[in-house]
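Read off the chains here:
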Amino acid sequence: MPLHLITRLIFATQPFYMEELTDVKNILRLELPTDPRWVNLTTISLEDILTDHAYCEQKAATSCISLIQRYPEKEKMVEELAPIVTEEWGHFRQVLAELNKRNLKLGRQRKDAYVNKLLEFQTRGGSEADRFLDKLLFCALIEARSCERFKRLSEGLEDPYFRNFYRKFMESEAGHYTLFIKLADHYVPKEQVRKRWREWLAYEAEIIRGLEVRGDRIH
Ligand SMILES: [Fe+2]
Ligand SMILES: [Fe+2]
């Protein structure tokens, strides 16, 4: 699927239809857009936002590694996620380079309330297939929200350098989001994926609603 369609689907606020996308219609949309104040808040401390961003990339790489370790028999998933580990770690290094270039320091990793609350939604009961699906959708959702945040930064910041910097991340995370949904569709009946995805979207919107809007974090 072309990137501009992916991003359009993630960010669309009005119902939107294209024939070739019928089966993914309505599933991609985040329910709550980011608070418009957030972009300005991120400019308060470049060191803080870049540190947080770096750890988001590290966690994305770690999540892919964990999936591979846990489900080695899912060959397609292993094949598809192995290069994503490299890509996410490359993102970590890019952010680290931005810090170094400016004589800023990579700080300590903070407690990630957003991710921790999302983790609580992963089913602990149910079948192995249900748990697997939740792990994929958990990753898909973080990619989708990260993509949305990077889009806000790429459009809302004044500095053209950083607009471009975040735009590249936005494009990359959009591709990852799509990959996790495609993997879910590969292993689990589509209707089940769509149903559970809607539940995740509703839950995620509640998390976003309840979190303080802070400029020192990506989520
Ligand atoms: Fe990334
Ligand atoms: Fe990603």
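### Looking at the nonpolar core
Core analysis: the biggest nonpolar cluster contains 39 residues, and Leu136, Leu137, Ala140, Tyr177, Phe180 and Ala184 have the highest contact counts within it. Contributions of two or more residues to this core are made by helix 3 (46–70), helix 4 (75–101), helix 6 (128–156), helix 7 (160–187) and helix 8 (190–210). Looking at this core, the element that brings in the most residues is helix 6, giving 12 residues. Those residues in contact with phenylalanine 180, other than ones at most four positions away along the chain, are Leu136, Cys139, Ala140 and Glu143.

### Description of the confidence of the model for the protein
Where the model shows low pLDDT, its predicted coordinates should not be examined in detail. Residues of the protein with pLDDT of at least 70 account for 87%, and the chain-wide mean is 89. Within the model, pLDDT remains below 50 along residues 13–27, and this stretch shows 7 contacts once partners closer than five positions in the same chain are excluded.

### Notes on unusual backbone geometry
The backbone phi angle of asparagine 103 is positive, close to 60 degrees, even though this residue is not glycine. Its place among the elements puts asparagine 103 in the loop between helix 4 and helix 5 (113–121).

### A short note on the packing of helix 6 against helix 7
Contact geometry for helix 6 and helix 7: axes closest at 8 Å, N-to-C directions at 160 degrees. Taken together, the axes of helix 6 and helix 7 lie roughly antiparallel to each other. Relative to helix 7, helix 6 is oriented so that their crossing is left-handed. Residue composition of the contact of helix 6 with helix 7, grouped by class: 21 nonpolar, 3 polar and 5 charged.

### Overview of the environment of aspartate 216
When you line up the elements, aspartate 216 lands in the segment after helix 8. Distance from aspartate 216 to leucine 50, taken between C-alpha atoms, is 8.3 Å for residues 166 residues apart in sequence.

Each value, and the rule that gives it
Here, residues in each chain are numbered from 1, in the same order as that chain's written sequence. All chains are assigned letters beginning at A, and all ligands numbers beginning at 1, according to the order in which they are written. Per-residue local features are limited, in this predicted model, to residues with pLDDT of at least 70; the limit for side-chain atom pairs, both in listing and counting, is 80 or more; totals at the level of whole chains, interfaces and linings are taken over all residues. Structurally, a nonpolar core is described as a collection of buried Ala, Val, Leu, Ile, Met, Phe, Trp, Tyr and Cys residues joined by way of C-beta atoms within 7 Å. In this scheme the burial state of a residue depends on its C-beta neighbours within 10 Å: 20 or more other such atoms mean buried, 12 or fewer mean exposed, and anything in between means partly exposed; the C-beta positions come from the backbone. Per the convention used, a helix needs a DSSP run of H or I reaching at least four residues, while a strand needs a run of E reaching at least two, with both numbered from the N terminus. Note on contacts: residues are paired as contacts if their backbone-placed C-beta atoms lie within 7 Å. pLDDT measures how confident the predictor is about each residue, on a scale from 0 to 100. Inter-axis angles, ranging from 0 to 180 degrees, are taken between N-to-C directions of lines fitted to C-alpha atoms, where helices are fitted over the stretch in contact. To sort the angles, those under 35 degrees are grouped as roughly parallel, those over 145 as roughly antiparallel, those from 65 to 115 as roughly perpendicular, and the leftovers as oblique. Should the near helix be turned counterclockwise from the far one by less than a right angle, the crossing is left-handed, whereas a clockwise turn marks it as right-handed. Just so you know the grouping, Ala, Val, Leu, Ile, Met, Phe, Trp, Tyr, Cys and Pro go in nonpolar, Asp, Glu, Lys and Arg go in charged, and all remaining residues, Gly too, go in polar.

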